[in-house]
Amino acid sequence: MTDHTDTNFEEFIGKTKKTSRVKWVAAMLVFVFFIALIFVSVDWVLGALVHTRQEVQVPDISGKPVTTALDSLASVNLALKQAGVEFAEGVPPGSVLRQIPSAGSVVREGRIIRVWISQGDEMVFVPSVEGLDLRAAQLAIRQAGLQVERVENAYSLTTEKGLIIAQKPKADSMLTRGDKVVLTLSNGQPPASVILVPDFRNKKLAAATLWASTQNMNLIVKEDAKSPFPYGTIAAQSPSADSQVAPGSRLEIIVSRREASDDEKTYHLHYELPQGKKQMRIRIVMSDDNGEREVINESKQPGSKIDLEIPYSGKATFRILSDGILVREREIQ
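In this report, we go over the structure that sits alongside the text.

Cut-offs applied
The residue count restarts for each chain, going from 1 along the sequence in the order it is written. Per-residue local features are limited, in this predicted model, to residues with pLDDT of at least 70; the limit for side-chain atom pairs, both in listing and counting, is 80 or more; totals at the level of whole chains, interfaces and linings are taken over all residues. Side-chain figures throughout are based on the complete set of non-hydrogen atoms in the structure, without hydrogens or water. Pairing between strands requires that DSSP locate at least two bridges from one strand to the other. Only DSSP runs of H or I with at least four residues qualify as helices, and only runs of E with at least two residues qualify as strands; both kinds are numbered from the N terminus onward. Lines fitted to C-alpha atoms define the axes here, with helix axes fitted over just the stretch in contact, and angles between the N-to-C directions of these axes take values from 0 to 180 degrees. Whether two residues are in contact is decided by their heavy atoms: any pair within 4.5 Å suffices. The pocket and cavity definitions rest on a 1 Å grid over protein atoms only: a 1.4 Å probe that fits but cannot leave marks a cavity, an open set with protein on both sides within 12 Å along at least five of seven lines marks a pocket, and residues lining either have an atom within 4 Å of a point. Grid points are joined across faces, edges and corners, and a volume is the space filled by probe spheres set on the points. The nonpolar class holds Ala, Val, Leu, Ile, Met, Phe, Trp, Tyr, Cys and Pro. Asp, Glu, Lys and Arg form the charged class, and all remaining residues, Gly among them, are polar. A pair is scored as a salt bridge if a Lys or Arg side-chain nitrogen falls within 4 Å of a carboxyl oxygen belonging to Asp or Glu. Pairing of aromatic rings covers Phe, Tyr and Trp, the last through its six-membered ring, and needs centres within 6.5 Å; plane angles under 30 degrees mean stacked, over 60 mean edge-to-face, and all others mean tilted. The rule is simple: take the accessible area with a 1.4 Å probe, protein chains only, and divide by the maximum for that residue type; under 20% is buried, over 50% is exposed, in between is partly exposed. Counted as over-ring charges are cases with an Arg CZ or a Lys NZ within 6 Å of the ring centre that also lie within 35 degrees of the ring normal. We call a set of buried residues a nonpolar core when its members are Ala, Val, Leu, Ile, Met, Phe, Trp, Tyr or Cys and they connect through side-chain atoms within 4.5 Å of each other.

### Here's the deal with the sheet that holds strand β3 (residues 96–100)
- Taken together, three strands build an open sheet; the order of strands is β2-β5-β3 and the sheet is mixed. Strands at the two margins of the open sheet, each flanked by one partner only, are β2 (79–86) and β3. Between one strand axis and the next, the sheet turns by 25 degrees as a mean value, whatever way the strands run.
- Note: β3 against strand β5 (residues 112–118), four bridges, orientation antiparallel. Bridging across to β5, Arg-98 finds its partner in Trp-116.
- Relative to the sheet, helix α2 (residues 66–74) contacts β2, β3 and β5, its axis offset from that of β2 by approximately 150 degrees.

So this is what it looks like as C-alpha cells:
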C-alpha cells in the first residue's frame, strides 16, 4: 500500500527548494545589474568631467623657485609633484631643473606636472695632501672632484724636498666640486741667503729671543693669561714656521702668562708619530676640572716627536687624534 502522505511531502519540499534557487538566481542577476549600472554611470560621469575640462598650455617653470613654479601652474589649474632632487652646477637650491610634461605641451586642467628640484652645487671636502709627493697629491685632489690650480715652490726646515708642505684651502675645507687648490712643494733646506722662521711653539721665550737677535729680526712679545700652556711657553707665532723673511722683519710671538692654581699639576706628554708616506693632522685635546681645551691642532711629519708640558687641575683626560681618528687616550689625576 503506497503512503500518499510521504509522497506529497517530498514533492512539496522539492518545489520549495526549486523556488528558493530561482529567487536566489534572480536576486544575483538584479545585484549584478545594479553594479554594472553604477559602474557605467560613474565612468560616464568621470568621462564627462574630464572631457569638459579645458585644455591649457604647460608653462615653462625650469629654473624657477618651487614657490614661483607652484603659482605659475596654479594660474592654469595644474598641479606640481616632486619627482626627485639632483645636484646642479649654477642652479640655486630649491629651483626646478626640468619638468614633465615639457613647457608648451597642451594638457587638460588638473594635470600633475612632475618636476626635479636642484640641490645646488655639489660640495666636497678638500683632502689632506701635505707630506705627499706631487703626483700622489695631484691624484688625491682629482679623486676628490677638485683641480690643482698651480704648484708653488718653497724652502722648508722640516719637510724634505719633493713633498707637499702646504695647501690652500686647508684640509677638510669644503669647496664646490670642480674648484681649484693651490699646492706648495718643498725645495728642501734653504741656502744661507734665505731666512726661514723656525717653529717656536711650545718652546721658551729665550729660544725666540736668541734667534731674533742673530737674524736681526724685530721681536714683538705679547702675553696671554688664558693660555693652556705652562707659564713662559710660546703659544703662537706670526709669521708661521717655514715662512721666508728678510732681515729686519717683524716676528710676533705670544707667551703664556697663565697663573697656576693651588692644585695645578703638570703632565709631560710624549708621543711619537708612526712612520709613513704623508703628514698627519694631529689634534691633542685635554679635559680637566677647568673644562676642555685644544692643545695642538696641526700637521706633523711621519716619525716626528711631540713633547709637551701641559698643566692640569684635578682629574684630566688627554686624547690624541690622528687625521680625526682617536689613537691614544689617557686619564691622570
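### Describing the side chain of Ser-256
- For Ser-256, the position within the fold is in strand β15 (residues 250–256).
- If sequence neighbours within four positions are ignored, Ser-256 has contacts with Asp-224, Ser-227, Phe-229, Pro-230, Tyr-231, Gly-232 and Thr-233.

### Observations concerning the layout of surface pockets
- Its volume calculated, the largest pocket comes out at about 1000 Å³.
- Around the largest pocket, the lining is made up of 38 residues, and of these Thr-158, Asp-199, Arg-201, Ala-241 and Ser-299 lie nearest the centre.
- The dominant element in the lining of the largest pocket, judged by the number of residues it contributes, is strand β18 (residues 291–300), at five residues.
- Here the lining of the largest pocket is built from residues that sort into 13 nonpolar, 14 polar and 11 charged.
- Space inside the second largest pocket adds up to approximately 220 Å³.
- Forming the boundary of the second largest pocket are Ser-128, Glu-130, Gln-167, Lys-170, Ala-171, Asp-172, Arg-281, Arg-283, Ser-299, Leu-321, Asp-323 and Gly-324.
- In terms of residue class, the lining of the second largest pocket is made up of two nonpolar, four polar and six charged.

### So, the pattern of salt bridges
- Enumeration over the complete set of coordinates arrives at 14 salt bridges.
- Glu-86 serves as the salt-bridge partner of Arg-98, at 2.9 Å between the closest nitrogen and oxygen. Of the two residues, Arg-98 is situated in strand β3 and Glu-86 in strand β2; the sequence distance between them amounts to 12 residues.
- Between Arg-150 and Glu-152 there is a salt bridge whose closest N-O contact spans 3.0 Å.
- Each member of the salt-bridge network shares a partner with another, and the members are Glu-149, Arg-150 and Glu-152.

### Points about the packing of aromatic side chains
- For the structure shown, the criterion picks out three aromatic pairs.
- Centre to centre, the rings of Tyr-312 and Phe-318 are 6.4 Å apart; their planes meet at 85 degrees, and the pair counts as edge-to-face.
- Taking relative accessible area as the criterion, Phe-318 reaches 3% and is therefore assigned buried.
- Linked through ring pairs, Tyr-267, Tyr-312 and Phe-318 together constitute an aromatic cluster.
- In this arrangement the basic side chain of Arg-98 is found over the ring face of Trp-116, its NZ or CZ atom lying 4.6 Å from the centre.

### Here we look at the environment of Val-129
- Mapped onto the secondary structure, Val-129 falls in the loop between β6 (123–125) and α3 (134–143).
- Taking C-alpha positions, Val-129 is 7.6 Å from Ala-171, a pair spaced 42 residues apart along the chain.
- Beyond its immediate sequence surroundings of up to four residues, Val-129 is in contact with Ala-137, Ala-140, Ile-141, Ile-164, Gln-167 and Leu-183.

### Here we look at the nonpolar core
- Counting 19 residues, the largest nonpolar core has Leu-269, Ile-282, Ile-284, Val-295, Ile-306 and Phe-318 as the members making the most contacts within it.
- Among the secondary structure elements, those contributing two or more residues to this core are β16 (264–272), β17 (280–288), β18, β19 (305–313) and β20 (316–322).
- Beyond its immediate chain neighbours, meaning those up to four positions away, Val-295 contacts Phe-229, Ile-284, Met-286, Leu-308 and Ile-310.
- Core analysis: the second largest hydrophobic core is formed by 13 residues, Val-126, Val-129, Ala-144 and Leu-183 among them.

### Details of the sheet that holds strand β12 (residues 218–224)
- Strand order across the open sheet formed by three strands is β12-β15-β13, with mixed pairing between neighbours. Whereas interior strands pair on both sides, the edge strands pair on one side only; in this sheet they are β12 and β13 (234–238). Put simply, the sheet's adjacent strands are angled 20 degrees from each other on average, direction ignored.

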